[in-house]
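Residue-level structural notes
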Amino acid sequence: MGRTINSVEYWLSMNLQERIDCPYQPGNLKISKQACQKRYKASEKAKADLISRGDLFTYTVGQGLLRCKSCPIVKGLSDKSIEAPLSPLSHY
């Protein structure tokens with residue numbers, strides 16, 4: 001019986017060009033271009049006063065979004081990458 005590749009591993013192997021290594025987030029974050037653009041759009045809507053007085057989870061997420069707000073990488077991404085399919089089953 002052969003080894004089966006799970007859908008996440010398959011998607012990653014087929015979509016390496018859709019992934020970026022984010023130098024602005026902790027933990028050597030590897031993120032899709034689509035997720036990067038979504039985080040950037042969320043950072044535009046985030047308000048600093050809400051981020052600073054929320055609970056610990058909101059504060060942590062907000063601090064990450066503040067880094068996205070001034071990210072130069074997202075400005076270099078095309079609008080087409082936000083429309084890229086992220087479904088691992090889309091290639092079957």
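See above for the structure.
Residues numbered from 1 in each chain as written. Predicted model: local features only at pLDDT ≥ 70, side-chain atom pairs only at ≥ 80, totals over all residues. Heavy atoms only, no water.

Running from N to C, helix H2 (residues 33–45) and helix H4 (residues 56–69) cross one another at 105°; their axes reach a closest spacing of 8 Å. When the interaxial angle is binned, H2 and H4 end up roughly perpendicular. Between H2 and H4, the residues in contact are Arg39, Tyr40, Ala42, Ser43 and Glu44 and Gly64, Leu65, Cys68 and Lys69, respectively. Its residues placed into classes, the contact of H2 with H4 shows four nonpolar, two polar and three charged. (Axes fitted to C-alpha atoms, helices over the stretch in contact; angles between N-to-C directions. Helix = DSSP H or I, 4+ residues; strand = E, 2+ residues; numbered from the N terminus. Parallel < 35°, antiparallel > 145°, perpendicular 65-115°, else oblique. Contact = heavy atoms within 4.5 Å. Nonpolar A, V, L, I, M, F, W, Y, C, P; charged D, E, K, R; others polar.)

What follows concerns the pattern of salt bridges. Evaluation of the coordinates by the stated rule reveals one salt bridge. Two residues, lysine 30 and aspartate 21, come together in a salt bridge whose shortest N-O distance is 3.5 Å. Lysine 30 gets classed as partly exposed once you look at its relative accessible area, which sits at 41%. A relative accessible area of 44% means that aspartate 21 is categorised as partly exposed. (Salt bridge = Lys/Arg side-chain N within 4 Å of Asp/Glu carboxyl O. Buried < 20%, exposed > 50% of the residue type's maximum accessible area, 1.4 Å probe, protein only.)

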